[in-house]
Each structure stands twice: as structure tokens, then as C-alpha cells.
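Residue-level structure breakdown
As a plain string of letters, each chain reads:
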Amino acid sequence: MPDSPLQLSLGISLKDDATFGNFYAAEGNALAVHALREFSAGRGEGNLLLWSNRGAGLTHLLQACCHAAFEQNLSVQYLPLRELVGYAPEDVCEGLDKVSLVCLDSVDEICGRRHWEQALFHLYNRLRDAGHRLLLASHTSPAALPLVLPDLKSRWLGSVIYHIHELNDQEKAQALQLRAKGRGMEMPDEVARYILSRAPRDTNDLFNLLNRLDDASLQRQRKLTVPFVREVLGF
């Protein structure tokens, strides 16, 4: 068993609360989440590709896979390509073929960057030859990815592909309540509805608001009520 199975570098860290237990899996995403749980345990297909619009939870799911794989004593590496395009791809990819599970977030960000595409093509082949796994996430439909290297596109499109569906308002309210419960807070239905009627609908923004409410609730020893939410968030 490796001494440190969680291989994170370049200042990259995982969010502690980015877990499967903290992800609201709407009915349309249940099959994908089940496949990801199996995948992170070393079962099922060798490569997966997730895609969705922004705010649907791709980063959360990739990091959840890292946490779950870590619990299985597998070495993992999460790489948010959106933040890494300024690095030399050879340096970023060095040694990754020795990692059991590599998660590449926002692969659409490197499309058209030939050096990046070539480096990821070679990484794909090295991981395959080593019997290791690759998880990709894109905010563009896989078929529409503007890759300039046809061989890389064919490799990625050969992965098992899942479309992560965005939550509707009712599901976002339930996701907020689930996340609040994980923090030890009870969020009544009327509070969730109040927040959704006034806050941005992007789930990342909603969860950031929840962080503010959590801090304020702890500091003031207050429960989540509509007046308290109005006072803290200013709407």
C-alpha cells in the first residue's frame, strides 16, 4: 500500500466536502453516479468521460472519485486543466502513468493547444498500457470538442460517456438541504425556497451562500430561518 496514495501537487487540493455522500444525485444522474462509485473502487470500465454545462457538479464528482479511490488505498491525481494551461504539459503529466486514477477536469480548456493535446494523448496511452484509469470532465459535448489531434479525440470518444444533467429548482432546494444537513444545520423548506427565489441559480453560487450561512449560524448560534437568511445575505 502506498504511503501517500493521494498524489496532489502544484498547489492543488481537494475540498473535504466534495464526496459522494454530499452530492445530490437527481434521478437523471443516478446511473452516472453509480458508475462513478464503481469506477473509483477499481471496478467497471477503464475510462469515463463526464460532460455538462457549468454548475452541474462535475468538479464535485471528480473530487468525490478521488476521495473514494483514496479510501480504497489507490493513488489518485486530480488536475483542474483550467488552472494549469499556463504550465508546461510535459511537467504536469510527468509520472502520472504510475497513478492508479487520474482525473482531468475541464478538458475543453486545452482544445486547440497542440502541445497539451499531444501530452494528453501520450498520457492516455501510458495509462492504458499500465492498466490504470482515466476520468475526464468537459463543459462541451464530447463530439463537439474542438481538438486538433484526431487520435486524441478518438481515444476520448472511446470512453464511456455520461451526461450530467443540471438540477431543476426543486432538486436544487433538496441539494441545498442535503449540504446543510451535512454541516449539522436543518434547512426548512421555506428557507430553501426563499434562497432559490432570490439567489443566483448556479449550484456553486448557492453552496457558497451556504458557507456564509454556516459561518454566521455558528457565530451567532442561530437556526436557519427566513429572517436570519435575509439578515445575513442581504436579500
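1. A few points about the overall build of the protein
Looking only at helices and strands, one finds 10 helices and five strands in the protein. Radius of gyration (C-alpha) of the protein: 19 Å, near the 18 Å computed for a compact globule of 235 residues. With the C-alpha coordinates aligned to their principal axes, the bounding extent of the protein is approximately 55 × 40 × 35 Å. A burial count over the protein gives 48% of its 235 residues as buried. Considering only contacts within the protein whose residues lie at least 6 apart along the sequence, 76% involve residues at least 24 apart. Split by element, the accessible area of the protein, about 11600 Å² in all, is 46% carbon and sulfur. Here the protein holds 25 positive side-chain charges and 29 negative ones, and the gap between their average locations is 4 Å.

2. As for the pairing of strand S2 (residues 76–80)
For S2, the tally of buried residues reaches five of five residues, placing the bulk of the element in the interior. As defined by bridge partners, S2 adjoins strand S3 (residues 101–105) across five bridges and the pair is classed as parallel. Bridge pairing in S3 places Tyr78 opposite Cys103.

3. Some words on the packing of aromatic side chains
Throughout the structure, instances matching the rule amount to one aromatic pair. Judged by centre distance (6.2 Å) and plane angle (35°), the rings of Tyr194 and Phe235 are tilted. Note that Tyr194 is positioned in helix H8 (residues 189–198) and Phe235 in the segment after helix H10 (226–233), a separation of 41 residues in sequence. Assessed through its relative accessible area of 24%, Phe235 is described here as partly exposed. Here Arg179 stacks its cationic end above the ring of Phe207, 3.8 Å away from the centre of that ring.

4. Structural notes on H8
The complete set of buried residues in H8 reads Val191, Ala192, Tyr194, Ile195 and Leu196. Tucked inside the fold, the buried residues of H8 contact helix H7 (169–182), helix H9 (203–220) and H10.

5. Points about the nonpolar core
Counting 55 residues, the largest nonpolar core has Leu50, Leu104, Leu120, Leu135 and Trp156 as the members making the most contacts within it. With eight residues, helix H2 (residues 58–71) is the largest single contributor of residues to this core. For Leu50, the contacting residues outside a window of four places in its chain are Leu36, Leu58, Leu61, Leu62, Leu135, Leu136, Ala137, Ser138, Tyr162 and Ile164. The next biggest cluster of nonpolar side chains, apart from the first, holds 25 residues, and it includes Tyr194, Leu196, Leu206 and Phe228.

6. Brief notes about the packing of helix H1 (residues 30–40) against H2
Taken N-terminus to C-terminus, the directions of H1 and H2 make an angle of 35°; their axes are 8 Å apart at the nearest point. Considering the relative orientation of H1 and H2, their crossing is right-handed. Listed contacts from H2 to Val33, Leu36 and Ser40 of H1 are Leu61, Cys65, Ala68 and Ala69. Its residues placed into classes, the contact of H1 with H2 shows six nonpolar, one polar and no charged.

7. As for helix H5 (residues 114–130)
Within an α-helix, residues lying three or four positions from one another point in the same direction, as the helix has 3.6 residues per turn. The end-to-end C-alpha distance of H5, which contains 17 residues, comes to 24 Å, matching closely the 24 Å that a straight helix rising 1.5 Å per residue would cover. Gly131 lies just past H5 and shows a positive phi near 75°.

8. Quick notes on the environment of Ser159
With respect to the secondary-structure elements, Ser159 resides in the loop between helix H6 (150–157) and strand S5 (160–163). Separated by 25 residues in sequence, Ser159 and Leu134 have C-alpha atoms that sit 9.1 Å apart.

9. A word on the packing of H7 against H8
The N-to-C vectors of H7 and H8 enclose an angle of 120°; their axes lie 9 Å apart at closest approach. One finds that H7 runs oblique with respect to H8. Between H7 and H8 lies a crossing of right-handed hand. Only Asp189, Ala192, Ile195 and Leu196 of H8 make contact with H7, whose side of the interface consists of Asp169, Lys172, Ala173, Leu176 and Gln177. Split into classes, the residues belonging to the contact of H7 with H8 amount to five nonpolar, one polar and three charged.

Rules behind the numbers
Residues numbered from 1 in each chain as written. Predicted model: local features only at pLDDT ≥ 70, side-chain atom pairs only at ≥ 80, totals over all residues. Heavy atoms only, no water. Helix = DSSP H or I, 4+ residues; strand = E, 2+ residues; numbered from the N terminus. Rg over C-alpha atoms; globule rule 2.2 N^0.38 Å. Buried < 20%, exposed > 50% of the residue type's maximum accessible area, 1.4 Å probe, protein only. Contact = heavy atoms within 4.5 Å. Areas by Shrake-Rupley, 256 points an atom, 1.4 Å probe, with all protein chains shown as cover. Lys, Arg positive; Asp, Glu negative; His and termini not counted. Charge placed at Lys NZ, Arg CZ, Asp CG, Glu CD. Pairing = 2+ DSSP bridges. Phe/Tyr/Trp six-rings, centres within 6.5 Å; stacked < 30°, edge-to-face > 60°. Lys NZ or Arg CZ within 6 Å of the ring centre and 35° of its normal. Core = buried A, V, L, I, M, F, W, Y, C linked by side-chain atoms within 4.5 Å. Axes fitted to C-alpha atoms, helices over the stretch in contact; angles between N-to-C directions. Left-handed = near helix turned anticlockwise from the far one by under 90°. Nonpolar A, V, L, I, M, F, W, Y, C, P; charged D, E, K, R; others polar. Expected span 1.5 Å × (residues − 1). Parallel < 35°, antiparallel > 145°, perpendicular 65-115°, else oblique.

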